[in-house]
Amino acid sequence: MPIVTLLCLIAIWEALVRWFGIQSWLLPAPSEIGRMAIEWRRELAWHSAVTLYETAVGFGLSLLVGIPLAVAVVYSRILQNTIYPILLALQSMPKVAIAPLLTLWIGFGALPKIIVVFLVCFFPIVVATTSGLATVRPVFLELVQSLCATSLQVFIKVRFPSAMPSIFVGMKIAITLAVIGAVIGEFVGAQDGLGYLILISSTQSRTALAFAALVLLTLMSIVLYYAIEILEHFVAPWGARR
Amino acid sequence: MPTIEVKDLSKTFRSRERTTAALIDVNLVIEQNEFITLVGPSGCGKSTLLKIIGGLIRPTQGSLTYDGHAVDRPQRSVGIVFQEPALLPWRSVLDNILLPAEILGLGMDESRKYALELIELTGLTGFEAHDPHELSGGMQQRVAICRSLISKPAVLLMDEPFAALDAMTREDLGLELLRIWDQDKKTVIFVTHSVPEAILLADRVVAMSARPGRIAKIIDINLPRPRTLDVEFVDGFRDYSVQVRSVIDQGQKRGTAKAAVS
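Residues numbered from 1 in each chain as written. Chains lettered and ligands numbered in written order. Predicted model: local features only at pLDDT ≥ 70, side-chain atom pairs only at ≥ 80, totals over all residues. Heavy atoms only, no water.

Caption draft 1: Representation of the overall build of chain B. Within chain B, the regular secondary structure consists of seven helices and ten strands. The dimensions of chain B, computed from C-alpha atoms along their principal axes, are 60 × 45 × 35 Å. A burial count over chain B gives 53% of its 262 residues as buried. Expressed as a percentage of contacts within chain B between residues at least 6 apart in sequence, the contacts between residues at least 24 apart total 69%. Once the 31 positive and 34 negative side-chain charges of chain B are each reduced to a mean point, those two points are 8 Å apart. (Helix = DSSP H or I, 4+ residues; strand = E, 2+ residues; numbered from the N terminus. Buried < 20%, exposed > 50% of the residue type's maximum accessible area, 1.4 Å probe, protein only. Contact = heavy atoms within 4.5 Å. Lys, Arg positive; Asp, Glu negative; His and termini not counted. Charge placed at Lys NZ, Arg CZ, Asp CG, Glu CD.)

Right under this line is the structure:
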């Protein structure tokens, strides 16, 4: 059904552009975008790969740092009181404002983009993991407590698996933000990536190419999102059942 | 193997607004391999008493001893079954049963063998690899019972284990529990709010009354074993029912009268 709706919208778009004879630099017809995408497929593939790389690395880093930090926060009252306000402050800062600074400090490579992606993904992952770890069903804890389990056993056998569905919720929110983060980074200063391509082609009035890049970005987001959903299906299927 | 003794035990719960006396002056001696049921209205502290005996909650006053040794934390020799099955959804039936063996560091080969025996004993054969959500409530509680038995505990604590089940499943599981207990005797302390269930299962029924929770009367049940549902039609059974019920009702009336005064 969503595909049918989408096709209808594209058809209407095409018809309107042709009917009113709208200039291609203002609003290109879908057929024009398609033609452009095929013509520029090499460049599009390369820039997509760059953006995908920045997104994936930044997202991966946020998991690598965010999940252990959430564990630390759950087990330490002091960390909870000291780190959480800082996290919140960090989250409240607009990443668009941080991006130019990162470029200033680090330069034009992939690293500043990876850091922006990391920053936007970090917060949802920490918050979701923390809440997952903190809201284990009391009877599960009572059960392992009655078995004289050590805190490490409680963590491995109950707390962490219990938190998995929550962690996946955080990951799904984060991954949709991740692609946006990469594009923000590329907008500020870059030599490649889909964000860079959009910026350059719209300043050069190659609007169809900008649209093609935009479509690819959207597709990338959707594919990544479903990749995580599929991963969840194999790793933590009990979350989706609840 | 433990004789469990509860002496002059009281428990009050404190919150910011009020303190509630959950249990007052509880004295109880439970002999080895005895089947004890704690029965009473809700709020009589029977679950609290069970958790104190299991070392999960500490009493405010009084003492708990196993064979004369003071106990203030969970013991390896005790298995617990809760009102809900509390099966970990990420583990299969077999792995859920093996959880205590892993945590207690028991021999895994041996435990696996014993788990399969228990699975057969409780009629779960064929469901070893199933996930808990694929099982009915009764089957899930059977798994929980297997899990509580895997460590071969000397004492089994059961906190209204059949309360969430329908009447027929409940009777089935009760009789099954008796069969398991007959084969492999252990001390069982079983909390319930069903008077017939309490009498059907028990050597002794500990009838409790509410507000504050206290032991109203301890009644020896001299009905022949092994028991079946037919026991419920014996005259003696009816007498016991009347006895237990009157004790509980009295307690409740007194509780209500007090509440009305205050």
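Caption draft 2: Inspection of the interface of chain B and chain A at higher detail. With 22 residues of chain B in contact, the opposing surface of chain A contributes 18 residues. Of the roughly 1900 Å² buried between chain B and chain A on both sides combined, carbon and sulfur atoms contribute 70%. When the buried surface of chain B facing chain A is broken down by residue, F82, W90 and I103 of chain B rank first, second and third, together holding 33% of it. Joining chain B to chain A, the criterion identifies three salt bridges. Residue E142 of chain A is joined to K51 of chain B by a salt bridge in which the shortest nitrogen-to-oxygen separation is 3.3 Å. Inspection of the region where chain B meets chain A yields four residue pairs in polar contact (both at pLDDT 80 or more). For the side of chain B that touches chain A, a count of residues per class yields 13 nonpolar, two polar and seven charged. (Buried area = accessible area lost by both parts, 1.4 Å probe. Salt bridge = Lys/Arg side-chain N within 4 Å of Asp/Glu carboxyl O. Polar contact = N/O pair within 3.5 Å; in protein donor to acceptor, adjacent residues only side chain to side chain. Nonpolar A, V, L, I, M, F, W, Y, C, P; charged D, E, K, R; others polar.)

Caption draft 3: Representation of unusual backbone geometry in the model. For the bond from R225 of chain B to P226 of chain B, the omega torsion is -5°, close enough to zero to count as cis. Positive phi values are uncommon outside glycine, yet C148 of chain A reaches one of about 60°. Located in the positive-phi region is E160 of chain B, a residue other than glycine, with phi close to 45°. You can see E160 of chain B is positioned in the loop between β7 (155-159) and α5 (167-183).

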